[in-house]
Amino acid sequence: MNPQHLAIIVISIIIAVIILLIMYYRRIVMPMRRISNGMDLIRSQDFSSRLALTGNEKADKIIEMFNAMMLSLKNERLRIREQNHFLDLLISVSPMGILILDTWGNITMYNPAASQFLATADLQGRKLDEIDSDIARGVSGLAQGQSKTLRLSDSKIYRCQRLSFMDNGYAHPFILIEPLTQEVMKAEKRAYEKVIRMISHEVNNSVAGITSMLSTVSSIMHETPGTDTDNLSDIMDACSDRCLAMSRFISSFADVVRIPEASLKRSRLNTSILAEREFLESMCSTHGVALELDLCQADAEIMIDNVLFDQALINIVKNSIESISTVNGGEEGIIRIATCSIPRPTITVTDNGAGLSDESKAHVFTPFYSTKPDGHGLGLIFISDVLGKHGCDFSLITSSKDSLTRFTIRFPKL
């Protein structure tokens, strides 16, 4: 074999090997590399990229299946993201407070409503029993699936529930805080309005008839004087007075359900208090209580019905006087009325009276509830209704630090 033929054979062998290598690369190496690239895409969760076809029929079937799977994963991820975004929007604007907890009871997520209800800006990573809030203390002991209604000393009512949801196979606890104040107060008002109207109607009708008969009998007895008739006449007069007192007592209940709508007019915070200063000082001095005014320099503008609001303020001071009278007969009693204009026009009535017990805090704004032996339980209901008509936020709290009781009224900003 001459060298020329040998060279041709070697070149032919080399070309055949190259062709075989190309075929091997296209049929085996390229598909394997594409599949390996696909695994990398899945590992990096890059569901937007696609694998190019290799020209190998069997490998391309796998690649087409892989691309279809990637498209499905992409669409599923997009759907989940859209759902999560929608849920995040719902949670953020929900009027219900939502607190999501971890296994150890730390708050991992919360919405603006929860922050507002707990009066705390930063709740992240905190435990409920570490937060200085009546609501936090009320829900910290809730068991899984338990529901509880909280009535606070600021007349607000909340229904709290501890539930859980599944995520990655684990149950995550969360707490729902639902405000019920308006609904409950409206229902209570409808109920006691109906009861008071019915009782007032029946009692006044009966009292009117009894008083008339007693008056007639008393007149007859006065016309026939005598020792026995004089005594009976006095008894008749006493019974008649008692009936009239009962009528006035029932009328005081009826007055609560006849509170007119507030006719709000622009006024000044300090000016409104100073207009009642002499009357309030007279009330306090009669019971040996000192009245102090601490008015801020800025006389903030507010919208009030002067008649209704003055009556509410008088009732607040009257309650403070009665609370002080139960402590050492009212000696060294002080009532301080303070105002401020920032961030909102605010009035705070502070007294050093007996204060509120833990039981009273939960029922202080409940209709007919009273801590006084002769109380009707309607004074704070009247105050609550009037302040509600003015759009005010308010709270009645006895501080554990100084034992002073503060009734705070916050007006809306103009």
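Everything that follows concerns the structure shown earlier in this document.
Please read all numbers here as calculations on a predicted model, not as lab measurements.

Draft legend 1. Summary view of the packing of aromatic side chains. Applying the stated criterion across every chain yields a total of four aromatic pairs. For the pair Phe165 and Phe174, a centre-to-centre distance of 5.9 Å together with 50 degrees between the ring planes defines the contact as tilted. Geometrically, the ring pair formed by Phe309 and Phe411 is tilted, given 5.4 Å between the ring centres and 50 degrees between the ring planes. In this pair, Phe309 is assigned in helix α9 (residues 306-325) and Phe411 in the segment after β12 (405-410), connecting sequence segments 102 residues apart.

Draft legend 2. Representation of the side chain of Ser115 in the model. Residue placement: Ser115 occurs in helix α3 (residues 112-117). For Ser115, a relative accessible area of 15% puts it in the buried group.

Draft legend 3. Here's a closer look at helix α8 (residues 277-286). The complete set of buried residues in α8 reads Leu280, Met283 and Cys284. An end-on view of α8 places all buried positions within 95 degrees of arc, on one side of the element. Residues of α8 that are exposed and point more than 90 degrees away from the buried face comprise Glu278, Ser285 and Thr286. Buried-residue contacts for α8 involve β7 (289-294), α9 and β9 (333-340). At the exit of α8 stands Gly288, carrying a positive phi of roughly 70 degrees.

Draft legend 4. Examining the nonpolar core more closely. Counting 34 residues, the largest nonpolar core has Ile335, Phe407 and Phe411 as the members making the most contacts within it. Here this core gets nine residues from one element, more than from any other, and that element is α9. In terms of nonpolar packing, the next biggest core, distinct from the first, is built from 20 residues, Leu128, Ile131, Val139 and Ile175 among them.

Draft legend 5. Layout of the sheet that holds strand β2 (residues 107-110). The antiparallel open sheet is built from five strands, whose spatial order is β2-β1-β5-β4-β3. What marks the edges here is a single partner per strand, and that holds for β2 and β3 (147-151). Strand-to-strand twist in this sheet, taken as the mean axis angle between neighbours without regard to direction, amounts to 25 degrees. In terms of strand pairing, strand β1 (residues 97-101) meets strand β5 (residues 170-179) through four bridges, oriented antiparallel. Counterpart to Ile100 in the pairing with β5 is Phe174.

Draft legend 6. Spotlight on the sheet that holds β12. Strand order in this open sheet of five strands is β7-β9-β10-β12-β11, and the pairing throughout is mixed. On the outer flanks of this sheet lie β7 and β11 (393-398), each paired with one strand and no other. Each strand axis lies, on average, 10 degrees off the axis of its neighbour in the sheet, ignoring direction. Taken together, the six bridges between β9 and strand β10 (residues 346-351) define a ladder with antiparallel strand orientation. Note on β10: the bridge partner recorded for Arg336 is Thr350. Packing of α8 onto the sheet brings it into contact with β7 and β9, and relative to β7 it is tilted by some 150 degrees.

Draft legend 7. Layout of the packing of α8 against α9. It is the contact of α8 with α9, at a shortest axis distance of 10 Å, that shows an interaxial angle of 20 degrees. In this view, α8 runs roughly parallel relative to α9, as classed from their interaxial angle. Of the two possible hands of crossing, α8 and α9 adopt the one that is right-handed. Facing α8, whose interface residues are Phe279, Leu280, Met283 and Cys284, α9 presents Leu313, Ile314, Val317, Lys318 and Ile321.

Draft legend 8. Examining the pattern of salt bridges more closely. Here the structure, examined in full by the defined rule, presents ten salt bridges. A salt bridge links Glu76 to Arg79; the shortest N-O distance between them is 2.4 Å. Placement of both Glu76 and Arg79 in helix α2 (residues 57-93) is noted, with a separation of three residues, approximately one turn of the helix. For Arg79, a relative accessible area of 37% translates into the label partly exposed. The partner of Glu301 in a salt bridge is Arg268, with the nearest N and O atoms 3.4 Å apart. Of this pair, Glu301 sits in strand β8 (residues 301-304) while Arg268 sits in strand β6 (residues 265-268), and the two are 33 residues apart along the sequence. When salt bridges that share partners are traced, they join Asp132, Asp134 and Arg137 into one network.

Draft legend 9. A look at a nonpolar patch on the surface. On the surface, a cluster of nonpolar side chains totalling about 420 Å² of accessible area is made up of Leu6, Val10, Ile14, Ile18 and Ile22. Looking at the secondary structure, you find Ile14 in helix α1 (residues 3-43).

Draft legend 10. Region of the structure containing the pairing of strand β4 (residues 157-167). Here five bridges tie β3 to β4, and the two strands are oriented antiparallel to one another. Looking at the pairing, Arg151 lines up with Ile157 of β4. Connecting β4 to the antiparallel partner β5 that follows it, the hairpin turn spans two residues, and Asn168 within it adopts a positive phi of roughly 55 degrees.

Reading the values: rules and limits
- Residue indices follow the written sequence of each chain, beginning from 1 at its first position.
- Restriction of local features to residues with pLDDT of at least 70 applies here, the model being predicted, together with a cutoff of 80 or more for giving and counting side-chain atom pairs; totals for whole chains, interfaces and linings are based on all residues.
- Note: side-chain values were computed over all heavy atoms of the structure, leaving out hydrogens and water.
- Pairing of aromatic rings covers Phe, Tyr and Trp, the last counted by its six-membered ring, and requires centre-to-centre distances within 6.5 Å; plane angles under 30 degrees mean stacked, over 60 mean edge-to-face, and any other angle means tilted.
- Strands are runs of DSSP state E lasting at least two residues, helices are runs of H or I lasting at least four, and both sets are numbered from the N terminus onward.
- Buried means the residue's accessible area, taken with a 1.4 Å probe over protein chains only, is under 20% of the maximum for its type, while exposed means over 50%, and partly exposed covers the values in between.
- The directions considered for the arc run from the helix axis to the C-beta atoms.
- In what follows, a contact means two residues having at least one pair of non-hydrogen atoms within 4.5 Å.
- Buried Ala, Val, Leu, Ile, Met, Phe, Trp, Tyr and Cys residues form a nonpolar core when they are joined through side-chain atoms within 4.5 Å.
- When DSSP finds at least two bridges between two strands, those strands are taken to pair.
- Fitting a line to C-alpha atoms yields each axis, with helices limited to the stretch in contact; the angle taken between N-to-C directions then spans 0 to 180 degrees.
- Oblique is the label for any angle not under 35 degrees, not over 145, and not in the 65 to 115 range, which are roughly parallel, roughly antiparallel and roughly perpendicular in turn.
- In this scheme, a crossing is called left-handed if the near helix is turned counterclockwise away from the far one by less than a right angle; it is called right-handed if the turn is clockwise.
- The term salt bridge refers to a side-chain nitrogen of Lys or Arg lying within 4 Å of a carboxyl oxygen of Asp or Glu.
- A patch is a set of surface residues, each over 30% in relative accessible area and not in a salt bridge, joined within 9 Å for like charges and within 5 Å for the nonpolar side chains Val, Leu, Ile, Met, Phe, Trp and Tyr.
- Working definition of accessibility: Shrake-Rupley area with a 1.4 Å probe, residue cover restricted to the visible protein chains.

Just distances and angles here, no functional claims.
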